[in-house]
Amino acid sequence: MNQKQFINELKKENISLTDKQLEQFEVYYQTLIEWNQKMNLTAITDKEDVYLKHFYDSLTISFDQHFNNQSLCDVGSGAGFPSIPLKIVYPHLKITIIDSLQKRITFLEHLVNLLDLKDVKLIHARAEEYAKSHRECFDYVTARAVARLDILDELCLPLVKVGGEFIALKGLKGEEELLEAEMGIEKLGGRISLETEFTLSDESDYRYNLYIEKVKKTPLKYPRSFSQIKKKPL
């Protein structure tokens, strides 16, 4: 996906990018590639692939509901996906990014300053530890390529406000993972509100975005330690 295709595909979803936003995406790409030579941020480095499989893919969760000035926590963001593309397109979003690796937080600090993004908090922490002091603080929590859903739900749902949503960006095994996680999602106070399936370019680029509404408070005993979550998912 070249820049012109990126612009046109987003226009189909009623998203029009300004010159400033286009420049921010270009700087994002260049910075990602530059830093990727020093640390492992992404295996995808071809420009058209980055625009399609990172930038555009991150924005697909906003096609069914455009974001405004809500709070969004991105768990295990890595190189900033999906939260930084969302922040570029929806500058009034209040973003918190949690990642367990300090070197990725260092990259994101540099990127956020370079792109002049405001209202972005970068937290070096594990999600299950962060949730202890930030329970039900966020309108949205997102996670992309972090863990299987039956593990991810316990890391993310405790952070979501009642009435908010946890949005998981998944691939080929998304539906299979949902079957494993359904009971846990209910225990944690969630309810499936929307499932969207599509391909980015061909069948190998299958995507499954799952929207889980928080309908009641998560019991205080969750989240457990990560070793417990991993050993015995809900």
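What comes next concerns the included structure. What you are looking at is a predicted structure, and each value in this text was computed from that prediction instead of being measured.

1. Some thoughts on the packing of aromatic side chains
Each aromatic ring pair is described using two quantities: the centre-to-centre distance and the angle formed by the ring planes. Counted under the stated rule, the structure contains 11 aromatic pairs. For the ring pair Y28 and F55, a centre distance of 5.0 Å and an interplane angle of 35° mean the geometry is tilted. One end of the pair, Y28, is in helix α2 (residues 19–36); the other, F55, is in helix α3 (residues 47–59), with 27 residues separating them in the sequence. Taking relative accessible area as the criterion, Y28 reaches 0% and is therefore assigned buried. Given a relative accessible area of 0%, F55 falls into the buried group. Between F67 and Y90, the ring centres sit 5.8 Å apart and the planes meet at 75°, which makes this aromatic pair edge-to-face. Within this pair, whereas F67 is found in the loop between α3 and β1 (71–75), its partner Y90 is found in the loop between α4 (83–89) and β2 (94–99), the two being separated by 23 residues in sequence. The exposure class assigned to F67 is buried, which follows from its relative accessible area of 5%. The rings of F6, F25, Y28, Y51, F55 and F81 are connected pair by pair, giving a single aromatic cluster. Across the ring face of W35, the terminal group of K38 is positioned such that the distance to the ring centre comes to 4.0 Å. Directly above the aromatic system of F226 lies the positively charged group of R126, at a separation of 4.6 Å from the ring centroid.

2. Comments concerning the pattern of salt bridges
Under the defined criterion, the tally for this structure stands at 17 salt bridges. The partner of K214 in a salt bridge is E136, with the nearest N and O atoms 3.1 Å apart. In this pair, K214 is assigned in strand β7 (residues 206–214) and E136 in the loop between α6 (127–133) and β4 (138–144), connecting sequence segments 78 residues apart. Judged on exposure class, the residue K214 and its partner E136 are both buried.

3. Thoughts on the environment of K230
Along the polypeptide, K230 turns up in helix α9 (residues 226–231). On the basis of relative accessibility, which here comes to 57%, the residue K230 falls in the exposed class. For the pair K230 and R148, spaced 82 residues apart in sequence, the C-alpha to C-alpha distance is 9.8 Å.

4. Observations concerning the nonpolar core
With 46 residues, the main nonpolar core has F6, F25, F55, F67, I84 and F107 as its most contacted residues. Residue assignment for this core shows that the elements contributing at least two residues are α1 (3–11), α2, α3, α4, β2, α5 (102–115) and β5 (160–170). Those residues in contact with F67, other than ones at most four positions away along the chain, are I61, S62, L72, L86, Y90, L93, Y140 and I167. Core analysis: the second largest hydrophobic core is formed by 31 residues, F138, I151, F166 and L234 among them.

5. Structural notes on the pairing of β2
For β2, the buried fraction is high: five of the six residues fall into the buried class. By the bridge criterion, five bridges tie β1 to β2 in an arrangement that is parallel. From the neighbouring strand, D74 faces β2, where its bridge partner is I97. At this point the chain moves from β1, through α4, to the parallel β2, and the crossover so formed is right-handed. The pairing of β2 with strand β3 (residues 120–124) spans five bridges and is classified as parallel. Residue I98 lies in a different strand from β3, and its bridge partner there is I123. Following the chain from β2 across α5 to the adjacent parallel β3, one finds a crossover that is right-handed.

Analysis parameters
- Residues numbered from 1 in each chain as written.
- Predicted model: local features only at pLDDT ≥ 70, side-chain atom pairs only at ≥ 80, totals over all residues.
- Heavy atoms only, no water.
- Phe/Tyr/Trp six-rings, centres within 6.5 Å; stacked < 30°, edge-to-face > 60°.
- Helix = DSSP H or I, 4+ residues; strand = E, 2+ residues; numbered from the N terminus.
- Buried < 20%, exposed > 50% of the residue type's maximum accessible area, 1.4 Å probe, protein only.
- Lys NZ or Arg CZ within 6 Å of the ring centre and 35° of its normal.
- Salt bridge = Lys/Arg side-chain N within 4 Å of Asp/Glu carboxyl O.
- Core = buried A, V, L, I, M, F, W, Y, C linked by side-chain atoms within 4.5 Å.
- Contact = heavy atoms within 4.5 Å.
- Pairing = 2+ DSSP bridges.
- Right-handed = clockwise from strand over helix to strand, strands pointing away.

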